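# Coordinates in review
Each chain is listed here by its residues.
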Amino acid sequence: MRLSPALAYGCHYSAPPLKHLLTFTLPRHHRPTHSTPLLPTTLLLSSQFPNPNFLTGNCPFFRMERFWAGSGINKNKAMVEHLKTYGVITSEKVAEVMEGIDRAFFVPDGNAPYYDSPMPIGYNATISAPHMHATCLQLLEENLQPGMHALDVGSGTGYLTACFALMVGPQGRVVGVEHIPELVSSSISNIQKSAAAPLLKEGSLSVHAGDGRLGWPEHAPYDAIHVGAAAPEIPQALIDQLKPGGRMVIPVGSVFQDLKVIDKNLDGSLSVRNETSVRYVPLTSRDVQLRGG
Ligand code: SAH
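Residues numbered from 1 in each chain as written. Predicted model: local features only at pLDDT ≥ 70, side-chain atom pairs only at ≥ 80, totals over all residues. Heavy atoms only, no water.

### Side note on the overall build of the protein chain
Scanning the protein chain for helices and strands turns up 10 helices and 11 strands. For the protein chain, long-range pairs separated by at least 24 residues make up 56% of all intrachain contacts whose partners lie at least 6 apart in sequence. Carbon and sulfur atoms provide 55% of the accessible area of the protein chain, an area that totals close to 12,600 Å². (Helix = DSSP H or I, 4+ residues; strand = E, 2+ residues; numbered from the N terminus. Contact = heavy atoms within 4.5 Å. Areas by Shrake-Rupley, 256 points an atom, 1.4 Å probe, with all protein chains shown as cover.)

### Focus on the packing of helix α3 (residues 75-85) against helix α4 (residues 92-100)
Where α3 contacts α4, the axes come no closer than 9 Å and their chain directions differ by 155 degrees. The pairing of α3 with α4 is recorded here as roughly antiparallel in orientation. Seen from above, α3 lies across α4 with right-handed handedness. Contacts from Asn76, Lys77, Met79, Val80, Glu81, Leu83 and Lys84 of α3 reach α4 at Glu92, Ala95, Met98 and Glu99. Across the contact of α3 with α4, the residue classes break down as five nonpolar, one polar and five charged. (Axes fitted to C-alpha atoms, helices over the stretch in contact; angles between N-to-C directions. Parallel < 35°, antiparallel > 145°, perpendicular 65-115°, else oblique. Left-handed = near helix turned anticlockwise from the far one by under 90°. Nonpolar A, V, L, I, M, F, W, Y, C, P; charged D, E, K, R; others polar.)

### Quick notes on the nonpolar core
Counting 51 residues, the largest nonpolar core has Met98 and Leu144 as its most contacted members. Ranked by residue count, the leading element in this core is helix α6 (residues 159-168), at eight residues. Setting aside residues no more than four positions away along its own chain, Leu144 makes contact with Leu137, Ala150, Phe164, Met167, Val168 and Ala224. Judged by nonpolar contacts, the second largest core, of 19 residues, contains Val175, Tyr222, Ile250 and Ile262. (Core = buried A, V, L, I, M, F, W, Y, C linked by side-chain atoms within 4.5 Å. Buried < 20%, exposed > 50% of the residue type's maximum accessible area, 1.4 Å probe, protein only.)

### Remarks on the environment of Gly210
Tracing the backbone shows Gly210 in the loop between β7 (205-209) and β8 (222-227). Excluding anything up to four places from it in sequence, Gly210 contacts Val177, Glu178 and His179.

### Some words on the site of the ligand
Taken together, the neighbourhood of the ligand is formed by 26 residues, with His133, Thr157, Glu178, Gly212 and Thr284 sitting nearest. The separation between an oxygen atom of the ligand and a polar side-chain atom of His133 is 2.8 Å. Take Asp211: an N or O atom from its side chain is 3.0 Å from a nitrogen atom of the ligand. Here the ligand has 570 Å² of accessible area as a free molecule, and 100% of this is covered by the chains. Per-element tally for the shell around the ligand: the top contributor is strand β4 (residues 125-127), with three residues. (Near = heavy atom within 4 Å. Polar contact = N/O pair within 3.5 Å; in protein donor to acceptor, adjacent residues only side chain to side chain.)

Shown next as structure tokens:
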């Protein structure tokens, strides 16, 4: 079976080689910043799943439709189960953390919080799709062990920041840096409603307004750095603030972007690989972002 390389992903959309089963979560318009409800793309599904069950209601597409239409179940848990079923989540720890942090507290009202698509959060930004959050958590899992330090640049809604905090626990330190002050405030309110609230209160989790390209030196060096917006190049300050043995996950590029995994070796040298192609909002200045540039 030949698979299309173009899949919905990340903050916006991308073309990763993985998890073709996610194809049925593609938004119809490939423009997830639309505020209209996003629907699965049946055409792509039918061309990519020559499945005898397709019209019987037993294929994943129909099961997903029933899932999104259903009510009265723990949908956040069900969303995680679906990501496990389709091979996106393979780590029990990541599953546990994503079950613990309910996305409904982070996705603005009027959007479907458990839909596997990015959603607009205002200020020309989006919350990434659940499968992208899962992917980044898994890439960073070894560097989010209890007691470790993590930096979330472009923390937006605070969803991943909260997940990081559950991973590293009260002995760890998680810092979110976001350059839109209104998003910083709303992310703090979101986190206060979530399972990460005690960590925020105790101070092992904090979110700050600032230019994330400069990192956050106060709690450096970091075992894990996640960047939630695409940089034209890897900011030197973030490399400097990465601990030897640490890992950074960062989308790099403009029109064509790669999700890069950067490991800082113990001698300070870097090992860099491309995980997948992605499409994120740019890591830029606040003015440029607000102008929509
Ligand atoms: N991980 C976040 C992603 C939000 S989208 C989430 O899923 O909620 C990317 C975020 O990066 C936006 O909130 C945007 O405002 C922020 N951003 C872009 N450039 C930035 C910069 N230079 N410094 C800090 N934040 C930045």
